[in-house]
Protein chains: 2
Amino acid sequence: MITYDLSKRGKEPLYVFLYRQIRDDILSGKIAPNEKLPSKRTFAGNLNVGVNTVANAYDQLLSEGYLYSAEKKGYFATDMHQFSDIRINTSEPVQIESPEETDYFMDFRANRINLNNFPISTWNRCMRKAILDGGDSLYKTVPYNGIPELRNAISAYLFRNRGMSVNPERIFIGAGTEFLFKRLFELFDKGTNVAIEKTGFKKIAEHADRYNINVKVIPGDDEGMDVSALHNNDVEVVYVAPANRFPTGKVLPIKKRLELFSWAYKKKERFIVEDDYDSEFRYSGRMIIPMFSEDNKERVVYLNTFSKTMVPSLRISYMILPEELAKRYKETLGFYSCTVSSFEQYALAEFINSGAFERHINRMRNFYKKQRVAILKEFENSRLMKIAEIEEHNAGTHFLLRVKTDLDREYIYNEGINKELHISFFSDYSVQSEKEEGFITLVINYAAIVSDKIHEVVTRLTDIFMN
Amino acid sequence: MITYDLSKRGKEPLYVFLYRQIRDDILSGKIAPNEKLPSKRTFAGNLNVGVNTVANAYDQLLSEGYLYSAEKKGYFATDMHQFSDIRINTSEPVQIESPEETDYFMDFRANRINLNNFPISTWNRCMRKAILDGGDSLYKTVPYNGIPELRNAISAYLFRNRGMSVNPERIFIGAGTEFLFKRLFELFDKGTNVAIEKTGFKKIAEHADRYNINVKVIPGDDEGMDVSALHNNDVEVVYVAPANRFPTGKVLPIKKRLELFSWAYKKKERFIVEDDYDSEFRYSGRMIIPMFSEDNKERVVYLNTFSKTMVPSLRISYMILPEELAKRYKETLGFYSCTVSSFEQYALAEFINSGAFERHINRMRNFYKKQRVAILKEFENSRLMKIAEIEEHNAGTHFLLRVKTDLDREYIYNEGINKELHISFFSDYSVQSEKEEGFITLVINYAAIVSDKIHEVVTRLTDIFMN
């Protein structure tokens, strides 16, 4: 009869050790297929353990199917001889390190912000308040479109701050803009033609197949895309960022907007997707009216994010859908759960309702405005401007620097790295490649620049091109 | 010359009022296409305002494209006569109410939990600690696969608690299991054949086209799906919940697992998706070994969620990918940002590392175990058992109640509503419809039942079938 040396069990409970021994013997064939196992009582006596220990081990083996039982006959080993031996992997796993982030003197890429500006104690207070006040609903399943408290807060904010009239029922909360794009394009047929400007959102173009769309890059000029090309390309959806066209930062003029509306209103299934991702940051005049507010016929999908205005690590974005698409979303995608935890939704609603969000936006706007002035001044006084010019439109957190040079991208990039600068090129963001020889355009994102580094940053950048 | 009554401006800044008046007059044609506007100085004198007020209004109109300027000639209205009038919608939006949730005496659906059990103060402490200790990395862009701290914490937990050996580099954090399914199926060709058991996860089957897969419902018996049918159906991926097959709660026996491994190992592109969604809740014996640990050839995708073990409102799930798929994920989907905010990832890592998660799981397991005993006892002592039987397997937070009756679903459901019970049917969860006449199977999810309601719940349920 089978027996085991229970002294070898180490720290494991007796029954677990016994279970494991029997299991391994069945897997290895040491206990033959269909072999009868000793009765619990006999086995317990033999091993000098309690009957419960054997009973627990047998129960586990029964639930996992290593044993089967026949009434009044006892327990038998399952026949598994036709399968190759399996090994159960229980080695201790490794632990990983946080990836070493290169600590650049300056990183010009987007999505970097100056972290000191985030009002962490206020956010903390909102989190606490959410937890204290949220009550039961804080722990329940999140409605597919987000909690009503946050949708109301966003609607009220958009009215106060942007003059937008938005029914909260049309607002859909999601974990980031990319995620919402994905959901949005699920509302259209696969392979829907989506138009972007030639200097448009490169990520959409590069990953069009992931979004199940065809991207049509539409030619155009400084004033925007050539609307007649939409007709020729059988386009159903147009993607634009009218308040701050990326990466040039230009506003889409009203005439072009009206042309787009004319195009959209001509057929039922035509929509304009308006990405308003950093419209909050504008340094002269008031904020630009979104196309959403100019639309009379429910054709504009409006998207915005808190990752840009708050911190990149906060994954909360929203989209506002026209009636037809909101209905379609509910019917076809309403089965998906919302991807943002209620905790953060409540905290953000509190942050907005208490006025902290608007105070934060104003503070950031002033901060960026000062940064911008200081940086532009530093550039203007630098030698670099003998061979470079700046294009900027009082908006966003970056501008373009067009440098007359024969150096190639790779050289410039590597020289940047040598000087601890992470250079960002216009062509990183645009589907349009630069045509003109002898020029290279850099994107100077200054959201993360620290003011006492400005002089040094411009000096190092100048040295790359003019040493 | 145009003029405006500035006394009508209400609370708006002067320049905004002026901007709006001019804009509306250009849109309506009152200011003719290409009409020259007065110089800033003249206009300011006429209106009796500062030059800056007019300059600000003109600047805004210029950025939005309502005006254009010609050097040394002045400002002109843009020609928009070919477009129909647009109205800018600025009416105050409505606010919505939280949808009235019907307050059932008892709701048998899954995804309901007893909210009193969540250790809110500990969670709160972890959130605070995350904010205090997280430092800069808390505010930076989240790595596409989740923060290393959380992936390490999950790996260590799985080893301590389940004996699983998991490289944290293979762990991918996402906002909910549905979301991860979506990402997972993006790793396969469109239209990949995915097999589920006939009593399997209905949501996948119903929304297969949303996941870009073909679902093959595979026949089988109590012991699991008929593996030979996988070959006939050209299946590439098998979805199983081996620790607790939904909704029956049965364990997938080792023999069936080995058959599935044999099938998977025969071809390179075959994978087993193991959904371990509530394996933590098992009331007899130790937890069931996941197929992930039995796999020797990197073919098992393991999925689990914190929405079930913590609270449904927390949208954090994870999947563990085999080497090949992890590589593919990084290459093809690595461009997507992670969908879970760092704040909650840090807090959860702290919650796990401090041992609070395991204490919570143990507390919940004991709580559910007691609930289960009390509820089963109540059922067993009820009149209902004359016409009903229970199927349960010491696991999960629900069992099946098979009632001999000729009543139809609709009647039973409505009678339930009359008695303030939200009834849940086996057929709500299973792609298999009940074949046998004269029986109906209910899913009794008891996670949310309050103990002093148990007697009344069973009485009301009995009354539906036996009054």
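Residues numbered from 1 in each chain as written. Chains lettered and ligands numbered in written order. Predicted model: local features only at pLDDT ≥ 70, side-chain atom pairs only at ≥ 80, totals over all residues. Heavy atoms only, no water.

Here we look at the packing of aromatic side chains
What characterises a pair of aromatic rings is the spacing of the ring centres plus the angle enclosed by the ring planes. A full pass over the atoms with the stated rule returns 53 aromatic pairs over all chains. Ring geometry for Phe188 of chain B versus Phe271 of chain B: centroids 5.8 Å apart, planes at 55 degrees, classification tilted. Here Phe271 of chain B lies in strand E10 (residues 271-275) and Phe188 of chain B lies in the loop between helix H6 (177-185) and strand E5 (192-197), a separation of 83 residues in the sequence. Assessed through its relative accessible area of 9%, Phe188 of chain B is described here as buried. Accessibility expressed as a relative area gives 1% for Phe271 of chain B, which makes it buried. The structure contains a cluster of three or more aromatic residues connected by ring pairs, namely Phe118, Trp123, Tyr157, Phe292, Tyr302, Phe306, Tyr318, Phe351 and Phe357 of chain A together with Phe343 of chain B. When the ring centre of Phe105 of chain A is taken as reference, the NZ or CZ atom of Lys453 of chain A above it lies at 4.7 Å. (Phe/Tyr/Trp six-rings, centres within 6.5 Å; stacked < 30°, edge-to-face > 60°. Helix = DSSP H or I, 4+ residues; strand = E, 2+ residues; numbered from the N terminus. Buried < 20%, exposed > 50% of the residue type's maximum accessible area, 1.4 Å probe, protein only. Lys NZ or Arg CZ within 6 Å of the ring centre and 35° of its normal.)

A few points about the sheet that holds strand E16 (residues 439-445) of chain A
All names here are of chain A. Pairing within the open sheet is antiparallel, and its three strands lie in the order E13-E14-E16. Among the strands making up the open sheet, the edge pair consists of strand E13 (388-391) and E16. With direction set aside, neighbouring strand axes in the sheet form an average angle of 25 degrees. Direction of pairing for E13 relative to strand E14 (residues 398-404): antiparallel, over a ladder of four bridges. (Pairing = 2+ DSSP bridges. Axes fitted to C-alpha atoms, helices over the stretch in contact; angles between N-to-C directions.)

Digging into the interface of chain B and chain A
In this assembly, 107 residues from chain B lie in contact with 107 residues from chain A. The contact between chain B and chain A buries some 9,400 Å² in all, and 58% of this surface belongs to carbon and sulfur atoms. Where chain B packs against chain A, one counts four salt bridges. The partner of Glu186 of chain B in a salt bridge is Lys182 of chain A, with the nearest N and O atoms 3.2 Å apart. Scanning the region where chain B abuts chain A turns up 20 residue pairs in polar contact (both at pLDDT 80 or more). Looking at the side of chain B that touches chain A, the element that brings in the most residues is helix H5 (residues 148-162) of chain B, giving seven residues. (Contact = heavy atoms within 4.5 Å. Buried area = accessible area lost by both parts, 1.4 Å probe. Salt bridge = Lys/Arg side-chain N within 4 Å of Asp/Glu carboxyl O. Polar contact = N/O pair within 3.5 Å; in protein donor to acceptor, adjacent residues only side chain to side chain.)

Comments concerning the relation of the copies chain B and chain A
The transform that puts chain B on chain A rotates by 180 degrees and translates by 0.0 Å along the axis, for an RMSD of 0.1 Å. Between the two chains, the operation in question is that of a two-fold axis. In this assembly, 100% of the residues forming the interface of chain B have copies in chain A that are likewise at the interface, indicating an isologous arrangement. (Least-squares fit on C-alpha atoms with pLDDT ≥ 70 in both.)

Some remarks on the pairing of strand E12 (residues 317-320) of chain B
On a regular strand, one side chain projects to one face of the sheet and the next to the other, so that they alternate. Residue and element names in this part refer to chain B. Where burial is concerned, the two faces of E12 agree: the one with Ser317 and Met319 and the one with Tyr318 and Ile320 are both buried. For strand E4 (residues 171-174) and E12, the ladder comprises four bridges, and the chain directions are antiparallel. Looking at the pairing, Ile173 lines up with Tyr318 of E12. As judged from the four bridges shared by strand E11 (residues 300-305) and E12, these two strands associate in the antiparallel manner. When the sheet's bridge partners are listed, Asn304 is paired in E12 with Tyr318.

Section: the confidence of the model for chain A
Note that predicted coordinates carrying low pLDDT should not be read in detail. On average, residues of chain A carry a pLDDT of 87, and 95% of them reach 70 or more. The ipTM for the predicted assembly is 0.85, set against a pTM of 0.87. (pLDDT = per-residue confidence, 0-100.)

Some details on helix H16 (residues 454-465) of chain A
All names here are of chain A. Between the first and last C-alpha of H16 there are 17 Å, a value that for twelve residues agrees with the 16 Å anticipated at 1.5 Å per step. Within H16, burial applies to Ile454, Val457, Val458, Arg460, Leu461, Thr462, Ile464 and Phe465. Those residues of H16 that are buried are in contact with strand E3 (106-107), helix H14 (356-380), E14, helix H15 (409-418), strand E15 (421-422) and E16. (Expected span 1.5 Å × (residues − 1).)

Digging into the pattern of salt bridges
Under the criterion given, the structure shown has 42 salt bridges over all chains. Across the pair Glu392 of chain B and Arg372 of chain B runs a salt bridge, and its minimum N-O distance is 2.9 Å. Here the residue Glu392 of chain B occupies a position in the loop between strand E13 (388-391) and strand E14 (398-404), and Arg372 of chain B occupies one in helix H14 (residues 356-380), the gap between them amounting to 20 residues. Taking the relative accessible area as the measure of exposure, Glu392 of chain B reaches 27% and is therefore partly exposed. One network of salt bridges, in which partners are shared, links Arg125, Lys129, Asp133 and Glu350 of chain A.

Observations regarding the side chain of Arg270 of chain A
Residue and element names in this part refer to chain A. Within the fold, Arg270 resides in the loop between helix H9 (254-265) and strand E10 (271-275). One buried charged residue, Arg270, remains without a salt bridge, the closest side chain of opposite sign being Asp234 at 6.1 Å. At 2.9 Å, the side chain of Arg270 and the backbone oxygen of Trp263 are in polar contact. Once residues lying within four places of it in the same chain are set aside, the contact partners of Arg270 are His231, Val235, Glu236, Trp263, Ala264 and Arg299. (Lys, Arg positive; Asp, Glu negative; His and termini not counted.)

With respect to the domain arrangement of chain A
According to the domain assignment, chain A consists of domain 1 (6-83), domain 2 (119-354) and domain 3 (363-465). On a C-alpha basis, the centres of domain 1 of chain A and domain 3 of chain A stand 71 Å from each other. (Domains from an automatic or database assignment.)

A look at unusual backbone geometry
All names here are of chain A. The phi torsion at Asn34 lies on the positive side, around 65 degrees, for a residue other than glycine. As for its placement among the helices and strands, Asn34 is situated in the loop between helix H1 (14-28) and helix H2 (40-47). Given a relative accessible area of 38%, Asn34 falls into the partly exposed group. For Glu420, which is not a glycine, the phi torsion comes out positive at approximately 60 degrees. Looking at where Glu420 falls in the secondary structure, it is placed in the loop between H15 and E15. Residue classification places Glu420 among the partly exposed positions, given a relative accessible area of 41%.

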